[in-house]
Amino acid sequence: MLIELKDVNKTYNNGQPLHVLKGIDLSIDSGEFVSIMGASGSGKSTLLNILGILDNYDSGEYYIDGKLIKGLSERQAADYRNRMIGFIFQSYNLIGFKTAVENVELPLFYQGIARKKRHQMAMEYLDRLGLADWAKHYPNEMSGGQKQRVAIARALITSPRIVLADEPTGALDSKTSVEIMELLQQLNREDRMTIIVVTHESGVANATNKIIHIKDGIIGQIEDNRQHHASVFGTSTVMK
Amino acid sequence: MRDVFIEIWESIRRNKLRTCLTGFAVSWGIFMLIVLLGAGNGLMNAFLVGGEGISTNVMQVGGGWTSKPYDGLKEGRIIELDERDVALTKSEVFANHVDQVISTVSTSATVIYGKKHFSGSIEGSFPARRQMDKIEILYGRFLNEKDIKENRKVVVLPEDQAEILLGNDIRDTGARLPGMKLNSNSGKKVRPQDILGKYIRIGDFSYRVVGITKTNDASNSNTVYVPYTTLRVIYGKGRTVDDITFTFHGLDSEKENEAFEEQYRSAVNLRHRAAPDDRRALWIWNRFTQNLQMNRGRNILNTALWIIGLFTLLGGIVGVSNIMLITVKERTHEFGIRKAIGASPWDIVKLILAESVTITAVFGYIGMFFGMIACQILDKTVGQSSVSIMDEQIAMFVNPTVGLDVALEATLVLIIAGTIAGFFPARKAAQVRPIEALRAE
């Protein structure tokens, strides 16, 4: 198993204690394309934070590739995030004063890779995503879809073990949303990339192979969705 | 490193105005520091101009008035030193410390050459005087042993006085200081060395000019020197001497010097039937302790100026710190993203500290540059003027500039200041949680 969570609990102590994750048990294998679905307040964001080593948990165990992720120093956590996890965010989270290629280079910069090498790698990834011509453009000169593809290139450049996508289509129109989901599907299919998508949109979830429902901090139903018929609207409907 | 600087440049470029405004405060601080230190140096240099040319291991003693009754005699008696005091100084009693002893007699007289003349003090002196006062000979020679032995009527003139006698009346043309060109009276100027070998009149006798010394306005070196023996004979000074000057060794601390002075004073005073501890009966000018005090004064002044300068700079540092805090606040989301994709806290701290140090250093150097220019302007204006006090030219500022050492110290100060300014903002930046990245803008 690539990812294993055993009885993970998380409580926020802001004034009134809020028990967000109530014993999560979850296993995700390498090469899976999974979505985590839930309404807002269901604990899916918290789960994503823990999966992405952005936040810590109170009790339980979380393994990535057999490595226990617990009580890490900030430096260690940063290093793990850098090498094992690629993030795709709803709001792209590109750095505005850096060009597309510089944004894609950034994770490699924190790995200490030489300037020339990382530039070359970044250009390769941009080329793969059909953005080679946009390499020198700044994020505000690009469309939402282009920005998200730059973000995907940035997530992929370190060859992470897991790609975590947080509402990757949340800020995109329906046509672009379909394109982005197809891109993710392609990455999963061709590169055997493990992708976890967190969403509350059934259309997005339907594009994945497995849907994990989370409700009130507890994992509910886990749907096998290899046939992509989960959407209430059926396979032919658009996502939005 | 290059990447860090590119990042800093990107950040600063986005906030040109506020960076410049903040940087101005730093520039101003360093500017003030440099100008203050430069002015302080100028002031001290003006004091020390005479001192630099004088050996520090020299004591000069002269007679005074008794200030207390002793041995049945009333106070208020004049103490006149004489040759027996010279012999005492040379004797075994003080041989442990005293090296060379000379005595001088002096008088004031009118010096005449052709139609020109001046009045001044004439000192009957010894060849050793040249070493003790580090008198610089421009042309000819100083007094020698033969002059003394044969009571020769020879004279050593200061440059300025020679000029007066030759008709190049420099006093009329205004102030003149070392480093400034002589104002020549077009064409009819005679070079000062032309007076060498000529005879001039001092009082009722003719003297041959054998040497010309460099005039130093700050020290009283516009004295005319003639052989000790000559002056004593001509003016009938008898056995009295005006002062005794001697070099010494082995007195390295203020305490040792004081002890020696006590011992010396009591010996001389007792010879004149004055109280051994009567400080007014015998004046002692110890150039060594004077020099120590001068140095102490210089250090105090320097420290005070540094403190004032640093406090001025403090305003700039607080400004930079403030601006860095704002930067961190603005970039919280960005730092979150950076952390999410693998930046360690140190990576973020590095970014802020480097930016803070860069701003401080760049603007600091601008300030330093202008400070140096201001010092140069000061040097070219106030540094060249002098005030006339009792017919003597006194320089207020001499070379009011700072050296490379101060520039290096200031560089160090800037780097430390930049680090301090960046410290709290950087710590704040390092505490940004990577979850910030997930928060929509």
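What counts, and where the lines are drawn
- Residues numbered from 1 in each chain as written.
- Chains lettered and ligands numbered in written order.
- Predicted model: local features only at pLDDT ≥ 70, side-chain atom pairs only at ≥ 80, totals over all residues.
- Heavy atoms only, no water.
- Helix = DSSP H or I, 4+ residues; strand = E, 2+ residues; numbered from the N terminus.
- Rg over C-alpha atoms; globule rule 2.2 N^0.38 Å.
- Buried < 20%, exposed > 50% of the residue type's maximum accessible area, 1.4 Å probe, protein only.
- Areas by Shrake-Rupley, 256 points an atom, 1.4 Å probe, with all protein chains shown as cover.
- Contact = heavy atoms within 4.5 Å.
- Buried area = accessible area lost by both parts, 1.4 Å probe.
- Salt bridge = Lys/Arg side-chain N within 4 Å of Asp/Glu carboxyl O.
- Polar contact = N/O pair within 3.5 Å; in protein donor to acceptor, adjacent residues only side chain to side chain.
- Nonpolar A, V, L, I, M, F, W, Y, C, P; charged D, E, K, R; others polar.
- Pairing = 2+ DSSP bridges.
- Axes fitted to C-alpha atoms, helices over the stretch in contact; angles between N-to-C directions.
- Parallel < 35°, antiparallel > 145°, perpendicular 65-115°, else oblique.
- Left-handed = near helix turned anticlockwise from the far one by under 90°.
- Domains from an automatic or database assignment.
- Phe/Tyr/Trp six-rings, centres within 6.5 Å; stacked < 30°, edge-to-face > 60°.
- Expected span 1.5 Å × (residues − 1).
- pLDDT = per-residue confidence, 0-100.
- Core = buried A, V, L, I, M, F, W, Y, C linked by side-chain atoms within 4.5 Å.

Trainee: Sorry, what's going on with the overall build of chain A here?
Mentor: Tallying secondary structure elements over chain A gives seven helices and 10 strands in all. Its C-alpha radius of gyration of 18 Å places chain A within 12% of the 18 Å reference for a compact globule of 240 residues. Principal-axis analysis of the C-alpha atoms gives chain A an extent of 45 × 45 × 35 Å. Within chain A, buried positions represent 55% of all 240 residues. Working note: accessible area of chain A is about 10,600 Å², and carbon and sulfur atoms make up 47% of it.

Trainee: Any chance you could explain the interface of chain B and chain A here in plain terms?
Mentor: Listed as interface residues are 26 residues of chain B and, on the opposing side, 26 residues of chain A. Taking both partners together, chain B and chain A bury about 2,300 Å²; carbon and sulfur atoms supply 58% of that area. Our count for the contact surface shared by chain B and chain A stands at six salt bridges. Linking Glu7 of chain B and Lys98 of chain A is a salt bridge whose minimum nitrogen-to-oxygen distance equals 3.1 Å. At the junction of chain B and chain A, the tally comes to eight residue pairs in polar contact (both at pLDDT 80 or more). Elements with a minimum of two residues in the side of chain B that touches chain A: helix H1 (2–14), helix H10 (332–340) and helix H11 (345–380) of chain B. Across the side of chain B that touches chain A, the residue classes tally to 12 nonpolar, three polar and 11 charged.

Trainee: Can you help me understand the pairing of strand S1 (residues 3–14) of chain A in this one?
Mentor: Two faces, one strand: in a regular strand the side chains alternate between the faces of the sheet. Residue and element names in this part refer to chain A. Pairing analysis gives five bridges linking S1 to strand S4 (residues 59–64), with the strands arranged antiparallel. Looking at the pairing, Lys6 lines up with Glu61 of S4. By the bridge criterion, 10 bridges tie S1 to strand S2 (residues 16–28) in an arrangement that is antiparallel. Bridge pairing in S2 places Glu4 opposite Ser27. As consecutive antiparallel partners, S1 and S2 are separated by one residue, and within that stretch Gly15 has a phi angle of approximately 70°, a positive value.

Trainee: When you look at the sheet that holds S1 of chain A in this model, what are you seeing that I'm missing?
Mentor: Strands pair in a sheet through their backbones, by hydrogen bonds, and they do so in one of two ways: parallel or antiparallel. All names here are of chain A. Within the open sheet, the four strands sit side by side as S2-S1-S4-S5. Their pairing is antiparallel. Each edge of the open sheet carries a strand with a single partner, namely S2 and strand S5 (67–68). Sheet contacts for helix H1 (residues 44–51): S1, S2 and S4; angle to S1, the most-contacted strand, approximately 120°.

Trainee: Looking at this structure, I do not really get the packing of H10 of chain B against H11 of chain B. What am I missing?
Mentor: Helix-helix packing: each pair is described by the crossing angle between the helix axes and the interaxial distance. All names here are of chain B. Relative to each other, H10 and H11 sit at 140°, their axes nearing to 10 Å. Between H10 and H11, the angle falls in the class oblique. Here H10 runs over H11; the crossing is right-handed. On the side of H10, the interface is formed by Phe335, Arg338 and Lys339, while H11 contributes Pro345, Ile348, Leu351 and Ile352. Across the contact of H10 with H11, the residue classes tally to five nonpolar, no polar and two charged.

Trainee: Would you explain the domain arrangement of chain B in this entry?
Mentor: One frequent convention defines the size of an interface as the accessible area lost when the parts assemble. Each assigned domain of chain B is listed with its residue range as follows: domain 1 (2–52 + 291–439) and domain 2 (58–287). On a C-alpha basis, the centroid separation for the pair domain 1 of chain B and domain 2 of chain B is 50 Å.

Trainee: What should I look at first to understand the pattern of salt bridges in this one?
Mentor: Oppositely charged side chains may form a pair once their charged atoms are brought near each other. Applying the stated rule across the entire model yields 36 salt bridges over all chains. When the shortest N-O distance is used, the salt bridge between Asp194 of chain B and Arg191 of chain B registers 3.5 Å. Close ionic contact of Arg331 of chain B with Glu355 of chain B constitutes a salt bridge, the shortest N to O distance being 3.5 Å. Linking Arg331 of chain B in the loop between helix H9 (287–330) and H10 with Glu355 of chain B in helix H11, this pair joins segments that are 24 residues apart in sequence. No difference in accessibility class separates Arg331 of chain B from Glu355 of chain B, as the two residues are buried. One network of salt bridges, in which partners are shared, links Lys98 of chain A together with Glu7, Glu10, Arg331, Glu334, Arg338 and Glu355 of chain B.

Trainee: Mind showing me how you'd approach the packing of aromatic side chains here?
Mentor: The geometry of two aromatic rings is summed up by the distance between their centres and the angle between their planes. As enumerated under the stated definition, the model contains 13 aromatic pairs over all chains in all. On the numbers, 5.6 Å between centres and 10° between planes, the contact of Phe87 of chain A with Phe89 of chain A is stacked. In this structure Phe87 of chain A comes out as buried when scored by relative accessible area, which is 4%. Looking at Phe89 of chain A, the relative accessible area reads 1%, which means it is buried. Relative to Phe260 of chain B, the ring of Phe246 of chain B has its centre 6.3 Å away and its plane inclined at 65°; by these criteria the two rings are edge-to-face. Here Phe246 of chain B, found in strand S9 (residues 243–248), pairs with Phe260 of chain B, found in helix H8 (residues 254–271); they are 14 residues apart in sequence, far enough to count as distant. With respect to burial, Phe246 of chain B and Phe260 of chain B carry one shared label: buried.

Trainee: Explain helix H6 (residues 174–191) of chain A to me, please; I cannot follow it from the model alone.
Mentor: What sets the pattern is the α-helix's 3.6 residues per turn: residues three or four places apart point alike. Along its 18 residues, H6 of chain A runs 25 Å from first to last C-alpha, staying within 8% of the 26 Å computed at 1.5 Å per residue. Downstream of H6 of chain A by one or two residues, Arg192 of chain A has phi in the positive range, about 55°.

Trainee: Help me understand the confidence of the model for chain A in this model?
Mentor: Caution applies to low-pLDDT parts of the model: their predicted coordinates are not meant to be read in detail. Here chain A averages 90 in pLDDT, while 96% of its residues score no lower than 70. Here residues 234–238 of chain A is a poorly scored stretch, pLDDT under 50, and it has six contacts once near neighbours within four places are set aside; other chains count.

Trainee: Any chance you could explain the nonpolar core here in plain terms?
Mentor: In summary, soluble globular proteins display a tendency toward joint burial of nonpolar side chains. If you look at the biggest cluster of nonpolar residues, it comprises 46 residues, and the most contacted ones within it are Val155, Leu157, Ile195, Ile202, Ile244, Phe246 and Tyr264 of chain B. Top contributing element to this core by residue count: strand S2 (residues 98–113) of chain B, with six residues. Every residue in contact with Ile195 of chain B, bar those within four places of it in the chain, is listed here: Tyr113, Leu157, Ala162, Leu165, Leu166, Ile200, Val209 and Ile212 of chain B. Grouped together as the second largest cluster of nonpolar side chains are 45 residues, Ile95 and Tyr110 of chain A together with Val328 and Ile359 of chain B included.

Trainee: What should I look at first to understand the side chain of Arg118 of chain A in this one?
Mentor: You can see Arg118 of chain A is positioned in helix H4 (residues 115–128). Of note is the side chain of Arg118 of chain A, whose polar atom sits 3.1 Å from the backbone oxygen of Ile113 of chain A. When neighbours within four sequence positions are excluded, Arg118 of chain A is seen to be in contact with Glu105, Leu108, Phe109 and Ile113 of chain A together with Asp3 of chain B.

Trainee: Please clarify how the packing of H8 of chain B against H9 of chain B should be interpreted in this entry.
Mentor: All names here are of chain B. Orientation of H8 relative to H9, taken along the N-to-C sense of each, is 145°, at an axis distance of 10 Å. By crossing handedness, the relation of H8 to H9 is classed as left-handed. Along the contact surface, H8 presents Glu254, Asn257 and Glu261, while H9 presents Phe288, Thr289, Leu292, Gln293 and Arg296.

Trainee: Please explain the environment of Ile12 of chain B as it appears in this structure.
Mentor: All names here are of chain B. With respect to the helices, strands and loops of the structure, Ile12 is situated in helix H1. For the pair Ile12 and Gly120, spaced 108 residues apart in sequence, the C-alpha to C-alpha distance is 67 Å. With sequence-adjacent residues up to four places away left out, Ile12 is seen in contact with Thr19, Glu355 and Ile359.

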